[in-house]
Amino acid sequence: GAVVSQHPSRVICKSGTSVKIECRSLDFQATTMFWYRQFPKQSLMLMATSNEGSKATYEQGVEKDKFLINHASLTLSTLTVTSAHPEDSSFYICSAYKTGRTEAFFGQGTRLTVV
Amino acid sequence: GIQVEQSPPDLILQEGANSTLRCNFSDSVNNLQWFHQNPWGQLINLFYIPSGTKQNGRLSATTVATERYSLLYISSSQTTDSGVYFCAPGGDKIIFGKGTRLHILP
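Here the structure is a predicted model, which means the values were calculated and not measured. (Residues numbered from 1 in each chain as written. Chains lettered and ligands numbered in written order. Predicted model: local features only at pLDDT ≥ 70, side-chain atom pairs only at ≥ 80, totals over all residues. Heavy atoms only, no water.)

Novice: Before we go on, may I ask you to explain the pairing of strand β2 (residues 10–13) of chain A in this structure?
Specialist: Looking down a regular strand, the side chains alternate between one sheet face and the other. Residue and element names in this part refer to chain A. Alternating positions in β2 separate cleanly, Val11 and Cys13 being buried on one face and Arg10 and Ile12 remaining unburied on the opposite face. As paired strands, β2 and strand β11 (residues 110–114) are joined by four bridges and run parallel to one another. By the bridge assignment, Val11 is partnered in β11 with Leu112. (Buried < 20%, exposed > 50% of the residue type's maximum accessible area, 1.4 Å probe, protein only. Helix = DSSP H or I, 4+ residues; strand = E, 2+ residues; numbered from the N terminus. Pairing = 2+ DSSP bridges.)

Novice: What should I look at first to understand the pairing of strand β6 (residues 52–56) of chain B in this one?
Specialist: Residues and elements named next belong to chain B. Within β6, only zero of the five residues are buried, leaving the element largely exposed. Of the pairings in the sheet, the one linking β6 to strand β7 (residues 59–64) comprises five bridges and is antiparallel in character. Bridging across to β7, Thr53 finds its partner in Thr62. The hairpin formed by β6 and β7 contains two residues between the paired strands, and Gly57 there has a positive phi angle of roughly 65 degrees.

Novice: Looking at this structure, how should I read the state of the cysteines?
Specialist: Each disulfide consists of a covalent bond between the sulfur atoms of two cysteine residues. Residues and elements named next belong to chain A. As enumerated under the stated definition, the model contains two disulfides over all chains in all. There is a disulfide in this structure between Cys23 and Cys94, and the S-S distance comes to 2.0 Å. Here the S-S torsion is close to 80 degrees, and the disulfide linking Cys23 with Cys94 is therefore right-handed. Here the residue Cys23 occupies a position in strand β3 (residues 19–25), and Cys94 occupies one in strand β9 (residues 90–97), the gap between them amounting to 71 residues. (Disulfide = S-S within 2.5 Å.)

Novice: Can you help me understand the interface of chain A and chain B in this one?
Specialist: Accessible area lost on assembly of the parts is the figure often given for the size of an interface. Taken together, the contacts link 22 residues of chain A with 21 residues of chain B. Both faces considered, chain A and chain B share a buried interface measuring about 1,700 Å² in area, 49% of it formed by carbon and sulfur atoms. Taken together, the connections running from chain A to chain B amount to one salt bridge. The closest approach of N and O atoms between Glu59 of chain A and Lys93 of chain B, which form a salt bridge, is 3.0 Å. (Contact = heavy atoms within 4.5 Å. Buried area = accessible area lost by both parts, 1.4 Å probe. Salt bridge = Lys/Arg side-chain N within 4 Å of Asp/Glu carboxyl O.)

Here is the structure:
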């Protein structure tokens, strides 16, 4: 299967700082990537859809100014959590569609803890 | 948007047992995937199955797109099968159900 790499796998940051998470498709080009967050014992909630070369589409209730998404190339999308607060602590995971929008592959996830 | 229902929400089985997990979805979809989330959070692709039946070892899946449901079969369960199984219909977006939490007892 295809490989999606997410970095870092875990990060601890102080309240008020910003954190950037990278999502890379290693062996295929991804025109579309997705960002999810997952709270303990809950499902994955879609935050936004990232399309290469255009603005991300955010789901209802997700603050676009807080969660900045950049999809500058066909192999890299980044999520920046700005001015992080303890309630932003969560598991963030990205996925990428191979061209043709068939099968999606997921990164390893990033566990963010804001203290 | 599309609604996804998975059942049962929780399942506890003895090692060696068989199980069937169900996924109902509210709208037509272009594709559907099943994932296993391991204890470290990694999502493992099990099946890409927009329609029809596929088998991979002890696992098999069937999607009946016209009736908007998919089934995941696990035979001869092993303790390593424990975890959460997610159904994720997709199209322009990939939406997850709440999952089935499976616990296999040794």
